[in-house]
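# Examination of the molecular architecture
Residues per chain are reported as follows:
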Amino acid sequence: MISKIDVPQFGLFNNYAWDIAIQNETFKKLNIIYGRNYSGKTTLARMFKCVEDAVMHRDYQQCQFKVTLDNGQQITNNNLSDFAQHYKIRVYNTDFVRENLGWLHRDDGTIKPFTILGAANVELEKHIEEIVEKLGSIEDNKGLIFELATEEASLADLRKKNNNRGNELEDKLRKRAADHIKVTDTLFIATTAKKTYTINDIKLDIDTIGDTPNDYILDTDATEILLKLLKEMSMDDVNPLPASKPKFAEYAQDCENILQQKITPSKPIIELINDSLLQEWVRQGIDKHRDKRTACGFCGNPLGDELWDKLDQHFSKESEELRARIKSKIDELEIAKKGLSSFMNLKRDRFYGTLQSDFDSAVKLWGVASNVYMENIERLISELKARQNDIFKERSLPELTDASDSLVIAIKAFNDVLTNHNRKTSTLGKDQGIARKKLRLAHIAQFVTDIDYKNVLAAVEVEDSRLNLISDSMKSKREEIIRLQDEKRRLEAQAKDESKGAELVNQHLSHYFGHNELKLVAEGEQPNIKFSIHRDGAPANNLSEGECSLISFCYYVAKIEDELKDEVESNKLIIYIDDPISSLDSNHIFFMFSLIENVIAKPKKYGQLFISTHNMEFLKYLKKLTGMQKNNAKNHRHFMIQRYSKDNTWLVMAPDYLKNYITEFNFLFDPIYQCSRGDRQFISDYLQYSFGNNMRKFLESYTFYRYPTHHLSLEDRLRKFFNDGVTYSLVNRVINEYSHMEDQFDRGMQPVDIDEITKVSSAVIERIRTVDPDQFEALMDSVN
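Nothing here was measured: the structure is a model prediction, and the numbers come from that model. (Residues numbered from 1 in each chain as written. Predicted model: local features only at pLDDT ≥ 70, side-chain atom pairs only at ≥ 80, totals over all residues. Heavy atoms only, no water.)

### Structural notes on the packing of aromatic side chains
Scanning the model with the defined rule gives 35 aromatic pairs in all. Ring plane angle 80° and centroid distance 6.0 Å describe the contact between Phe13 and Tyr16, whose orientation is recorded as edge-to-face. Each member of the pair Phe13 and Tyr16 is classed as buried. Joined through ring pairs, the aromatic side chains of Phe665, Phe669, Tyr673, Phe698, Tyr702, Phe721, Phe722 and Phe776 make up one cluster. Against the face of Phe721 rests Arg767, its NZ or CZ located 5.7 Å from the ring centre. (Phe/Tyr/Trp six-rings, centres within 6.5 Å; stacked < 30°, edge-to-face > 60°. Buried < 20%, exposed > 50% of the residue type's maximum accessible area, 1.4 Å probe, protein only. Lys NZ or Arg CZ within 6 Å of the ring centre and 35° of its normal.)

### Observations concerning the pattern of salt bridges
When their charged atoms lie close together, side chains carrying opposite charge are able to pair. Applying the stated criterion across every chain, the model contains 39 salt bridges. For Glu133, the salt bridge is made with Lys142, and the minimal N-O distance between the two is 3.3 Å. Residues participating in the shared-partner salt-bridge network are Arg46, Asp95 and Arg98. (Salt bridge = Lys/Arg side-chain N within 4 Å of Asp/Glu carboxyl O.)

### Regarding the side chain of Asn77
Within the secondary structure layout, Asn77 lies in the loop between β5 (74-76) and β6 (88-92). On the basis of relative accessibility, which here comes to 18%, the residue Asn77 falls in the buried class. For Asn77, the side chain forms a polar contact with the main-chain nitrogen of Phe65, separated by 3.2 Å. At 3.3 Å, the side chain of Asn77 forms a polar contact with the side chain of Asn78. (Helix = DSSP H or I, 4+ residues; strand = E, 2+ residues; numbered from the N terminus. Polar contact = N/O pair within 3.5 Å; in protein donor to acceptor, adjacent residues only side chain to side chain.)

### Remarks on the pairing of strand β1 (residues 2-10)
Alignment of β1 against strand β4 (residues 64-69), held across 5 bridges, turns out to be antiparallel. Bridging across to β4, Ile5 finds its partner in Val67. Direction of pairing for β1 relative to strand β2 (residues 13-16): antiparallel, over a ladder of 3 bridges. For Phe10, the partnering residue across the bridge sits in β2 and is Phe13. Linking β1 back to β2 in an antiparallel pair, the connection comprises 2 residues, with Gly11 at a positive phi of about 60°. (Pairing = 2+ DSSP bridges.)

### Quick look at the nonpolar core
Considering soluble globular proteins, one finds that nonpolar side chains tend to be buried as a cluster. Formed by 89 residues in total, the largest nonpolar core has its most connected members in Ile5, Leu44, Phe65, Ile575, Ile577, Leu625 and Leu651. Here this core takes 9 residues from helix α18 (residues 545-559), the largest share from any one element. Sequence-distant contacts of Ile575, that is, excluding residues within four places in its chain, are made with Arg90, Tyr556, Ile560, Leu564, Ile600, Tyr606, Gln608, Leu609 and Phe610. (Core = buried A, V, L, I, M, F, W, Y, C linked by side-chain atoms within 4.5 Å. Contact = heavy atoms within 4.5 Å.)

### So, the sheet that holds strand β16 (residues 648-653)
The strand order β6-β13-β14-β3-β15-β16 describes an open sheet built from 6 strands, whose pairing is mixed. Two strands lie at the open edges of the sheet, namely β6 and β16, each paired on one side alone. Neighbour-to-neighbour, the strand axes of the sheet open up by a mean angle of 15°, direction not taken into account. The pairing of strand β13 (residues 573-578) with strand β14 (residues 608-613) spans 5 bridges and is classified as parallel. Bridged to Ile575 within β14 is Leu609. (Axes fitted to C-alpha atoms, helices over the stretch in contact; angles between N-to-C directions.)

### Concerning the packing of helix α25 (residues 691-706) against helix α27 (residues 725-737)
Contact geometry of α25 with α27 gives a least axis separation of 7 Å together with a crossing angle of 115°. Considering their axes alone, α25 and α27 lie roughly perpendicular with respect to each other. Where α25 crosses over α27, the two elements pack in a sense that is left-handed. Listed contacts from α27 to Phe691, Gly692, Met695, Arg696 and Leu699 of α25 are Val731, Val734, Ile735 and Asn736. Of the residues that constitute the contact of α25 with α27, the class distribution is 6 nonpolar, 2 polar and 1 charged. (Parallel < 35°, antiparallel > 145°, perpendicular 65-115°, else oblique. Left-handed = near helix turned anticlockwise from the far one by under 90°. Nonpolar A, V, L, I, M, F, W, Y, C, P; charged D, E, K, R; others polar.)

### Thoughts on the sheet that holds β4
What the 4 strands build is an open sheet, ordered β2-β1-β4-β5; its pairing is antiparallel. Of all the strands in the sheet, just β2 and β5 have a single pairing partner and so form its edges. On average, each strand axis in the sheet is inclined to that of its neighbour by 30°, with strand direction left out of account. Pairing between β4 and β5: 3 bridges, direction antiparallel. Residue pairing for β5: Thr68 is matched across the bridge by Gln74. Contacting β1, β2 and β4, helix α2 (residues 41-53) runs over the sheet at an angle of about 110° to β1.

### Focus: the side chain of Asn93
Along the polypeptide, Asn93 turns up in the loop between β6 and α3 (94-100). Classification of Asn93 by relative accessible area gives buried; the value is 2%. When near neighbours in sequence (up to four residues on either side) are disregarded, Asn93 contacts Ala45, Arg46, Lys49 and Asp578.

### A look at the environment of Leu135
Position of Leu135 relative to the elements: it lies in helix α5 (residues 122-135). Considering only alpha carbons, one finds Leu135 and Glu480, 345 residues apart in sequence, at a separation of 9.3 Å. In this structure Leu135 touches Lys142, Gly143, Leu144, Ile145, Phe146, Ile481, Leu484, Gln485 and Lys488, once residues within four positions along its chain are discounted.

Worth remembering: the numbers are spatial, not functional.
What follows is the structure in structure tokens.
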């Protein structure tokens, strides 16, 4: 169906945009369009006629418009032929009459013939009936067409359910991508190259995960490590530690040599040899007395040369040299201890969070190795001090542990952490990208597991394949229907009889309009048959405009009747009827409605129907068309063509009073009330020329309602109603001089003065308000 139109430029339509004029509405299956004369109805119908003919009208070659279909396809003035791929449209308007009905436009008074199924020989008719029986119909609930329609409906229902399952899965992916992943910075960060994350991206990630989502799901610890990495900021590089091996083995060997060195006094003092503490006490005493005292500072006895010689022979130069060597080695070992203590001064917070656990492991290795190393250095120092205190007694080192290799391993562990730290500074962005992808894939892997994505998708695909097989199995039935329809058309072509077209028009004229005296007659022989109009058996050359309208529309309906009966293609038929009741009286207007109702609307053998009119009485009948009931409101709409200026017409939604109160009386009241408000622009755009006619028709109706007698003329009723000579004269002048111009043609050269329009309309409105407040309020309510 046609959903909407946009018209940059076509006749009275300029810069017309549907979404601005109508917004949240579209054309429906049944569309009623009201417009005053000269508002643009003919222009709109001509636009649709261009679509039917697939060529621009000769008067609108440079115009532009766009028709949007319900499937989103757009038909413009540049691709009119594409419309036939989707629908077929049949337009009844003045162009149709001019092209087909010769009594208005041909010198010989003939009418362009058309053909419908006519009389055929018995054999052909029998064969056609057999095909029709075999084809059947949806309405009769039998035949191939019914069977195919039932199967297609069932298949469509199954496909809809399966599509819904697939769509639900798609919606879950779309929502997860848009509402979660795209807005979670630990899963996705927009970049210049990749600005957003969509359903297509989540599908690519699902393809990456494949059939093993458990391989991508992360435990809590792994997730925490990656989240820490994403929080990292770029840090300074850290210099590596020197990786030289400690000299413990050398220290131990030196100490062993020192402890094993043998020293013998020249003349040893036996008491000192046997008492190392006493010997050390004496040695220290020598340092405190030599060249300082002549008597013992402890006992006071004199210190003679003989004592000093005796002591010098015991504490020889060799022993003092050893003592100095021991002291030097102890100092060296103490320095080694301090060096080891200050060697490792790295802090945990200088490293990236993801490397801090490795740093902790290195610290643990260093702690164990350095403690062992320190303990064994202390044991070396302890042994040296023991030899120092008993200088003449050789010693052996106890069993020691050399932790040098362990320290080297710990240093290497530190340097590995340092290397990774420094490398991470240069690759942090890349590492964070990898981490974010791992987290996203883990998130999606858990998500597809939770919604059972693979199994549901596989079930949808399996069902889709099954439905495709069913559809393929229906292909033969569809082909058989097409074959039979082609056969039926071939047989019907053999039985075509153009004279039957005239008979069908005559049937409509007689049945719906009671015109037995007017008949359409087929003259001549194939292929040169022509139609002419006869009255009471003789050619009719002076038809009234009303008679022309009747025959024109009957001809149109007869011409599309075969298409209305097409069981397969009728839902693609779009019908546009433009103002078919020109110059018809009330009876004929009703009969025109009856023809549309019974041949087109009631059988519902059409895809979409448009009817436009300027006539309020016809509009009243159209409200009763099948499909216009309130319980079917979603399938019909009322529109109105508004002419805002001489070259600006818009199609808009019809106001409520036009839909709900379709008498002309209500409709005429609205513009009079609008004029009484003094909106000069509104009056100038819409009512300046038509005001006199509108006012006269309204007052004729209103005053006759108040004074229902034919003994009073309109002037008498006006004089009685206004009861004021001045107001009566002003109103009477406007409704006569500006609605009848046969004696005052110059009046048509200029419109009614706007101030005069406002003054007259205000006088009428105020008078009704005063003398008939109840009806005034009801009229106001009817037009909101």
